[in-house]
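# Structure at a glance
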Amino acid sequence: MRMSNFGYLVRRGVGSVFRNAMMSVASFCVLLVSLLLIGLSVLIAMDINIIMSNIEEKNEISVYVRGDLSTEELNHISDVISSNPNTMTGGVVYYSKDQAWEDEKEKLSEYAELFDYLEENPMPDTFRVTVSDVSRISDTAAEFKSIEGVERVDAPYDFARAMVNIRATLSVIALGLLAVMIVTSVIIVYNAIRSSVFARAKEINIMKVVGATNSFVKIPFFIEGMFIGIAAGAAAWGLTKVIYEVIVQLFEEDITIWRIFGLVNIVQFDDVTWYLLAADCVLGALLGAIGTIISTGKYVKV
Amino acid sequence: MVELKNVDVHYVDGAKGGVDALNDVNIRINDGEFVFIVGDSGAGKSTLLKLLTREIQPTGGRVFVNGYNLKKLRNRKLPYFRRSLGMIFQDFRLIPTLTVYENVAFVLRVIDKSKKYIRQRVPYVLDLVRLNDKAKAYPGQLSGGEQQRVAIARAFACDPKIIIADEPTGNIDPKLSYDIVELLQDINDCGTTVIMVTHNHDLVKFYGGRVINLKEGSIAFDGTIEGAIEGE
Ligand SMILES: Nc1ncnc2c1ncn2[C@@H]1O[C@H](COP(=O)(O)OP(=O)(O)O)[C@@H](O)[C@H]1O
Ligand SMILES: [Mg+2]
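Residues numbered from 1 in each chain as written. Chains lettered and ligands numbered in written order. Predicted model: local features only at pLDDT ≥ 70, side-chain atom pairs only at ≥ 80, totals over all residues. Heavy atoms only, no water.

## Quick look at the overall build of chain B
For clarity, the cut-off: Helix and strand assignments come from DSSP, with helices taken as H or I runs of at least 4 residues and strands as E runs of at least 2, each series counted from the N terminus. Radius of gyration means the value over C-alpha atoms here, while the globule rule gives 2.2 Å times the residue count to the 0.38 power. Note on contacts: a residue pair is in contact if any heavy atoms of the two residues lie within 4.5 Å. Per-residue and other accessible areas follow the Shrake-Rupley method at a 1.4 Å probe size, with only the shown protein chains counted as cover for residues. His is not counted here, nor are the chain ends, while Lys and Arg score as positive and Asp and Glu score as negative. A charge is said to be at NZ when it belongs to Lys, at CZ for Arg, at CG for Asp and at CD for Glu.
Along chain B, the regular secondary structure elements total 7 helices and 10 strands. Over its C-alpha trace chain B gives a radius of gyration of 18 Å, about what one expects of a compact globule, namely 17 Å for 232 residues. If you take every contact in chain B between residues at least 6 apart in sequence, the share linking residues at least 24 apart comes to 67%. With an accessible surface of roughly 10,900 Å², chain B has 47% of that area assigned to carbon and sulfur atoms. Taking the average place of the 31 positive charges on the side chains of chain B and the average place of its 29 negative ones, the gap between the two points comes to 11 Å.

Here it is in structure tokens:
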């Protein structure tokens, strides 16, 4: 196709956006809300991920060993723990019974006399192990338990289960929301293009009579659908920026609360701004195109 | 060239259990001919034209148009076949939101002609139908006769081998009908085949030439008649 005629089709498609102002505005708004919610939920999901992994990092398995082990035996246990696939690299800390004893004494310094009655250090040698996947913490703890020389294993099972549940629930909510918004967007674009097709029934008929190819008839409708999609994408990006920055500000005002959990590194909008703009526009264009494909497939019989 | 061989068209119509619109029709129209097709309402004239444009396929028999075997024509090639035809309708079918000039330019864009060609061709065909001074008008601002002249210009703009007109004078002042036929004859003089369906017997008697008369889906007459005007 010649550029001049393609340009003509593009102008007609864009012209259609304004001719069908009502439908275009409706599609634009629905797409805008969809893309806004999608953008915000992606950003918040990223934040929650960061927060969750921060929380999870504070989450350890304590492996208590028997008191009568030799240094070789302790080293062997340490090696076995380190080589477990769920053990974080550098996540094994040896906590000796002497160290534990000293710490305990310090904590209970008011009752220092009590310790005098104890002839022997009752604390066990301990390995503190950080795991990389909290959801597998029970299995990992069981594996540690079966190592020769290990007496007891403590793991925050409930905490792990809660974390896994929170993540799963949030994912389901987010995915459900995305699915609903995407379907709604496609339906509204489909309707807008359908009304545009009906408004142009006469032209389409003439085009077919004089020998227009399939693509020639359909291109203006694609331009129309994608134009609305891209415009909504750009607007959604701007709105996402405004709203997300408000959220970040609220978060940072109360930063002391969050610092307790070690959670200060949430996603900054400026770090993702270009990716988000591109993603919004591409997704907008895609939703516009899908609505157009369904609509023209059904109503433009060439 | 147009050739119909033993063509039947049967419409499957739930209410009446089907209609035989054409029965065993054989027609051959050579390049450069001017043919009137006449017949009562419901005789099958429009059905015949729809066969030629491959809007419908025959239930039986074979149809050849401009070297295309329409039974075997792939859907993908259909647009290119259609470009060898120029269509004129009773209801003009102009695009109301486009000017006269744009209506003609539109179909040239559809068949992907260059800007330069369009700029030369549109004024040329508008001149042919004597409407250059109305180039900027919209269809709604023109009389029926003028609108049909725009439609003729549009059909001719694509330089078709055959012009097919379905009752082109049906919606316009009878006195202006002669104008329309004469324009079609001018186009025919340039070598384009013209096939014109009409109800208007006066028009046929006046101009004469080859006439095909359809009756209840069959050919009742196919021959040349003498016109009332001389010098053909
Ligand atoms: N799409 C259709 N479905 C069913 N019957 C049709 C259809 N088109 C035309 N017919 C019937 O076929 C016959 C011929 O119609 P048509 O070719 O339109 O006649 P004409 O143009 O000569 O008036 C008529 O009886 C008409 O009712
Ligand atoms: Mg008819």
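What follows picks up the thread again.
## Digging into the nonpolar core
All names here are of chain B. Stated precisely, the cut-off is as follows: Among buried residues, the Ala, Val, Leu, Ile, Met, Phe, Trp, Tyr and Cys ones that are joined through side-chain atoms within 4.5 Å form a nonpolar core. Per-residue accessibility, obtained with a 1.4 Å probe over protein chains only, is compared with the maximum for each type, and a residue is labelled buried under 20%, exposed over 50%, and partly exposed between these values.
Core analysis: the largest hydrophobic core is formed by 72 residues, its most contacted members being Phe36, Val104, Phe106, Leu126, Ile152, Ile163 and Leu184. What leucine 126 contacts, discounting residues up to four positions off in sequence, is Val100, Tyr101, Val104, Leu131, Asn132, Ala135 and Ala153. Among the nonpolar cores identified, the runner-up in size contains 33 residues, and Val7, Ile37, Leu73 and Leu85 belong to it.

## Some words on the packing of helix H9 (residues 214–253) of chain A against helix H11 (residues 269–299) of chain A
Two measures define how a pair of helices packs: the angle their axes make with one another and the distance between the axes. Residues and elements named next belong to chain A. Going by this rule: To get an axis, fit a line to the C-alpha atoms, keeping to the stretch in contact for a helix; angles then go from 0 to 180 degrees between the N-to-C directions. The labels follow the angle: roughly parallel below 35 degrees, roughly antiparallel above 145, roughly perpendicular from 65 to 115, and oblique for the rest. When the near helix sits turned anticlockwise from the far one by under a right angle, the crossing is termed left-handed; a clockwise turn instead gives a right-handed crossing. Charged means Asp, Glu, Lys or Arg here, nonpolar means Ala, Val, Leu, Ile, Met, Phe, Trp, Tyr, Cys or Pro, and polar covers whatever is left, Gly included.
Running from amino to carboxyl end, H9 crosses H11 at an angle of 150°, the nearest separation of the two axes being 7 Å. As summarised for this structure, H9 and H11 are arranged roughly antiparallel, according to the angle between their axes. In the packing of H9 onto H11, the handedness of the crossing is right-handed. Taken together, the residues of the contact of H9 with H11 break down into 15 nonpolar, 10 polar and 5 charged.

## With respect to the site of ligand 1
Residues and elements named next belong to chain B. Quick note on the threshold: We call a residue near a molecule or strand whenever a single non-hydrogen atom of that residue lies within 4 Å of it. We call two N or O atoms a polar contact when they sit within 3.5 Å, provided that within protein one can donate a hydrogen and the other can accept it, with sequence-adjacent residues counted only if both atoms are side-chain atoms.
Taken together, Tyr11, Val19, Ala21, Asp40, Ser41, Gly42, Ala43, Gly44, Lys45, Ser46 and Thr47 form the complete shell of residues around ligand 1. Lysine 45 has a polar backbone atom sitting 2.8 Å from an oxygen atom of ligand 1. Here threonine 47 contributes a side-chain N or O atom positioned 2.5 Å from an oxygen atom of ligand 1. For ligand 1, the protein covers 66% of the area, taking 560 Å² as the surface of the free molecule. Mapped onto the shell around ligand 1, the elements with two or more residues apiece are strand S2 (19–29) and helix H1 (45–52). No other element matches H1, which puts 3 residues into the shell around ligand 1. Grouping the amino acids of the shell around ligand 1 by side-chain chemistry returns 4 nonpolar, 5 polar and 2 charged.

## Some points on the domain arrangement of chain A
Keep this limit in mind: An automatic or database domain assignment supplies the residue ranges for each domain.
According to the domain assignment, chain A contains domain 1 (3–55 + 163–300) and domain 2 (60–155). A separation of 52 Å is found between the C-alpha centroids of domain 1 of chain A and domain 2 of chain A.

## With respect to the interface of chain B and chain A
The test is simple: Computed with a 1.4 Å rolling probe, the buried area is the accessible surface lost when two parts are put together, summed over both parts. Put simply, a salt bridge is a Lys or Arg side-chain nitrogen that is within 4 Å of an Asp or Glu carboxyl oxygen.
Taken together, the contacts link 24 residues of chain B with 18 residues of chain A. With both sides pooled, the region where chain B packs onto chain A buries about 1,900 Å², and carbon together with sulfur makes up 62% of that total. The interface formed by chain B and chain A contains 0 salt bridges. The interface formed by chain B and chain A contains 6 residue pairs in polar contact (both at pLDDT 80 or more). Going through the elements one at a time, helix H2 (78–82), helix H3 (100–110) and helix H4 (115–128) of chain B are the ones with two or more residues in the side of chain B that touches chain A. The biggest single contributor to the side of chain B that touches chain A is H3 of chain B, with 5 residues. Of the residues assigned to the side of chain B that touches chain A, the class counts are 13 nonpolar, 2 polar and 9 charged.

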